[in-house]
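Inside the fold
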Amino acid sequence: MAETHVLFVEDDDVIREATQLALERVGFTVTAMPDGLLGLEAFRADRPDIALLDVMVPGLDGVSLCRRIRDESTVPVIMLSARADSIDVVLGLEAGADDYVTKPFDGAVLVARIRAVLRRFGHASGGQGGTTAAEPSHGTGGALVFGDLEIDTEGMEVRRGGAQVGLTPTEMRLLLEFSSAPGTVLSRDKLLERVWEYGWGGDTRVVDVHVQRLRTKIGQDRIETVRGFGYKFRA
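Quick notes on the rules
Residues numbered from 1 in each chain as written. Predicted model: local features only at pLDDT ≥ 70, side-chain atom pairs only at ≥ 80, totals over all residues. Heavy atoms only, no water. Axes fitted to C-alpha atoms, helices over the stretch in contact; angles between N-to-C directions. Helix = DSSP H or I, 4+ residues; strand = E, 2+ residues; numbered from the N terminus. Parallel < 35°, antiparallel > 145°, perpendicular 65-115°, else oblique. Contact = heavy atoms within 4.5 Å. Nonpolar A, V, L, I, M, F, W, Y, C, P; charged D, E, K, R; others polar. Buried < 20%, exposed > 50% of the residue type's maximum accessible area, 1.4 Å probe, protein only. Pairing = 2+ DSSP bridges. Right-handed = clockwise from strand over helix to strand, strands pointing away.

Where helix 6 (residues 169–179) contacts helix 8 (residues 205–218), the axes come no closer than 10 Å and their chain directions differ by 80 degrees. Our classification of the angle between helix 6 and helix 8 gives roughly perpendicular. From helix 6, T170, E171, L174, L175 and F178 reach across to helix 8, where they touch H210, V211, R213, L214, K217 and I218. For the contact of helix 6 with helix 8, the per-class residue count stands at six nonpolar, two polar and three charged.

Judged by how many residues are buried, strand 4 (residues 77–81) sits mostly within the fold: five of five residues are covered. Of the two faces of strand 4, the one carrying V77, M79 and S81 and the one carrying I78 and L80 are both buried. Relative to strand 4, strand 3 (residues 50–54) runs parallel, the two sharing four bridges. Across the sheet, the residue bridging to L53 is M79, located in strand 4. As for the winding sense of the linkage, the β-α-β connection from strand 3 through helix 3 (residues 62–72) to strand 4 is right-handed. The pairing of strand 4 with strand 5 (residues 99–102) spans four bridges and is parallel. Each residue of the ladder has a partner; that of M79, found in strand 5, is Y100.

In this chain, K103 is followed by P104 through a cis amide linkage whose omega measures -5 degrees. Positioned with a positive phi, R47 is a non-glycine residue whose angle comes to about 45 degrees. Residue classification places R47 among the partly exposed positions, given a relative accessible area of 42%. The backbone phi angle of M156 is positive, close to 55 degrees, even though this residue is not glycine. Checked against the element boundaries, M156 lands in the loop between strand 8 (149–152) and strand 9 (157–160). Judged by its relative accessible area of 14%, M156 is buried.

For the rest of this paragraph, the subject is helix 6. In an α-helix, one full turn covers 3.6 residues, which means residues spaced three or four apart are oriented alike. Across the 11 residues of helix 6, 11 count as buried, placing the element largely inside the fold. Of the residues making up helix 6, those classed as buried are P169, T170, E171, M172, R173, L174, L175, L176, E177, F178 and S179.

Relative to the helices and strands, D11 resides in the loop between strand 1 (5–9) and helix 1 (13–25). Classification of D11 by relative accessible area gives partly exposed; the value is 33%. Sequence separation between D11 and V57 is 46 residues, and the spatial gap between their C-alpha atoms is 5.6 Å. Leave out the neighbours within four places in its chain, and D11 touches R16, P34, D54, M56, V57 and P58.

Next up on the list: the sheet that holds strand 5. The strands that make up a sheet are held in pairs by hydrogen bonds between backbone atoms, and each pair lies either parallel or antiparallel. Strand order in the open sheet made by the five strands is 2-1-3-4-5, with parallel pairing throughout. Each end of this open sheet is capped by a strand with a single partner; those strands are strand 2 (29–33) and strand 5. Across this sheet, the average inter-strand angle for adjacent strands is 20 degrees, counted without regard to direction.

Here it is, written out as structure tokens:
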């Protein structure tokens, strides 16, 4: 089996070298770059399996680099931010990042988060067992149909009004969770557990931003906010 290739963009020499060694020690292949422009070149040349981007890097900052990557690919992206309460966290998620890790971080925690994201992407491309509980009308090939929204759970494709909707694997997993239980309120903690595989309380901003992104693609009124409880998918 081929080794997982990680693109790591970090301008701090000590952090970059130490993190690269930690990732290589557990079997990852790492391309480490000190700035965003070199990171973009490396991404286009190497097509890594996952990108690990520090928010504050020279040349092209991590948020802008994430947008450029997302314009070209659905490869998973994890942002690194020095402050958990920074607006950079939200900006990174809005730019298309799938998760973030706050610095300073423990190497083992970072490895676990990378592996969790990679597992999610593997599941999104290969289907997910939780979708069988949904009871909307069915189109051809087992597709779930909610009005003008059609979800092909086998081909992992979504169409709205007949036009294909481009979703990242994380957005697809989130939609599959919602469509598996239309009309049921799902808490942010439950979504963190099921979609992001957090076995502990994580930052619910990750959920909120992804729901916002999903709404812009499948319709603002398709996912209802239930204040104080979470979100509900409208069939």
